[in-house]
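Inside the fold
Residues per chain, in single letters:
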Amino acid sequence: MSTVAILFSNLHDQGIPELTSNRSAEAIPFAGRYRLVDFALSNLVNSNIYNVNLLTRYNYRSIMEHIGSGKEWDLARSSGGIKLLPPFMKGSSLFGENNLYTNRLEAIKSIRSTVSSFTEDYVIMADSNIICNIDIDDIIKYHKSTKADMTVVVKSFEMTKQNYRERVQIVPDKDGNIADIKRTSPDYEGECKIYMNISVFNRTYFQNVLNDAIAHNYHSMTFDVVRRNMKNDRYKVYECKDYMMAVETLSDYYSASMDMLYKPEVRDAIFKNRARPVITRIVNSVPTYYGAGSRVKNSFIADGCKIHGAVENSIIFRGVIVGKGAVIRNSVVFKNAIIGENAFLNCCLADIRSVVSDSRILSGCEASPYYIAKNARL
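Note that the structure is a prediction, hence the values are computed from the model and not measured.

1. Details of the packing of aromatic side chains
In total, this model carries 10 aromatic pairs according to the counting rule given. Ring plane angle 25° and centroid distance 5.1 Å describe the contact between tyrosine 34 and phenylalanine 271, whose orientation is recorded as stacked. Separated by 237 residues along the polypeptide, tyrosine 34 in strand β3 (residues 34–35) and phenylalanine 271 in helix α10 (residues 264–271) bring together distant segments of the chain. The exposure class of tyrosine 34 is buried, given its relative accessible area of 11%. The interplanar angle of 65° and the centroid separation of 5.1 Å between the aromatic rings of phenylalanine 317 and phenylalanine 334 together place this pair among those described as edge-to-face.

2. Considerations on the environment of phenylalanine 206
Residue placement: phenylalanine 206 occurs in helix α7 (residues 203–215). Separated by 169 residues in sequence, phenylalanine 206 and asparagine 375 have C-alpha atoms that sit 44 Å apart. Aside from chain neighbours lying at most four places away, what touches phenylalanine 206 is Ile6, Ile108, Val115, Val123, Met125, Phe201 and Met221.

3. Overview of the nonpolar core
Formed by 37 residues in total, the largest nonpolar core has its most connected members in Leu7, Leu41, Val52, Ile134, Ile198 and Met244. Apart from the residues within four sequence positions on either side, isoleucine 198 is in contact with Ile124, Met125, Ala126, Ile130, Ile134, Thr151, Val152, Val153 and Met244. If you look at the next biggest cluster of nonpolar residues, it comprises 36 residues, including Val115, Val123, Val168 and Val225.

4. As for the packing of α7 against helix α8 (residues 221–229)
Put simply, α7 and α8 touch, their axes get as near as 12 Å, and they point 115° apart. Relative to α8, the element α7 is oriented roughly perpendicular. Remark: the crossing between α7 and α8 carries right-handed chirality. Together, Tyr205, Phe206, Val209 and Ala213 of α7 and Met221, Val225 and Asn229 of α8 make up the contact between the two elements. Here the contact of α7 with α8 is built from residues that sort into 6 nonpolar, 1 polar and no charged.

Analysis parameters
- Residues numbered from 1 in each chain as written.
- Predicted model: local features only at pLDDT ≥ 70, side-chain atom pairs only at ≥ 80, totals over all residues.
- Heavy atoms only, no water.
- Phe/Tyr/Trp six-rings, centres within 6.5 Å; stacked < 30°, edge-to-face > 60°.
- Helix = DSSP H or I, 4+ residues; strand = E, 2+ residues; numbered from the N terminus.
- Buried < 20%, exposed > 50% of the residue type's maximum accessible area, 1.4 Å probe, protein only.
- Contact = heavy atoms within 4.5 Å.
- Core = buried A, V, L, I, M, F, W, Y, C linked by side-chain atoms within 4.5 Å.
- Axes fitted to C-alpha atoms, helices over the stretch in contact; angles between N-to-C directions.
- Parallel < 35°, antiparallel > 145°, perpendicular 65-115°, else oblique.
- Left-handed = near helix turned anticlockwise from the far one by under 90°.
- Nonpolar A, V, L, I, M, F, W, Y, C, P; charged D, E, K, R; others polar.

Everything listed here is a matter of coordinates, which is why it stays silent on function.
Pasting the structure below:
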């Protein structure tokens, strides 16, 4: 039961411009030592999927440095392994000025020659911005047992007018087939099954669908392909019960970070499953130094830091310096940032190499964390 994977990058960059101006979404640091792409790659290799194609679009230098040859994920292979596919022009507008792909179908069209060379039994497509630790093998087994042409992964969320965001809603029938697919309504309240942008296809079916989409100049995988074919082809719904968070906004990123601190059941499900470890690039550094007046409570502290102040309910990446008398609460501080003496941070996101001067007081809120840009000095 062989499977090839296609991972998408950059598709959610516009929703989180603060963190993607110098990096792609899948390269966003998370939980002190990881990148968002680590979760997708770990889910695949933990299910023995070692042929991975990562489509890049722009700002992909940091993800290339992070993944390297892929050896940490056992993806440095002469056959298969990981391939970073650079941006291609859209086939429908070769001579346009802005001719990079903007959605999944256009991205797949741009690698048509690669897709046509697939020989595996199944193709799995997934975004790289989803924080989860799920059993991909179980999804593929479900897909195979139901004899489906395509299986989509959904997650149930409680929708209200207050937390509304436009997403793709999947409505299954009593047999688990896709009965309808639509965009969420701002007036809807109640349980809603949201498409998590993870899907499994039979390989030959996937290749045929792609060729048909190119022939008819379709633009959307969801509404031009799936919606048109769901009455005639066999499309099944797989509901995931595990924790899943798609990072599409700065608020999403902050909320997921705080989940790691305030929800031990979520943290354990993500990071303490020995059968499905989350794998990342190994970086050797010295242990963190804690000064005589330091105080740390309910926080992630990476290696190589110097902590002289107080850190509470926060995530601190490698090489961060926290000055004497400084207080950091409910915040995320990225690599090599400097927090000056007697500074106060609450509900903040401090990007790489940012500097907060002595005695500065900065605060956001849970719904809108205060962002300090990369290399900024405040």
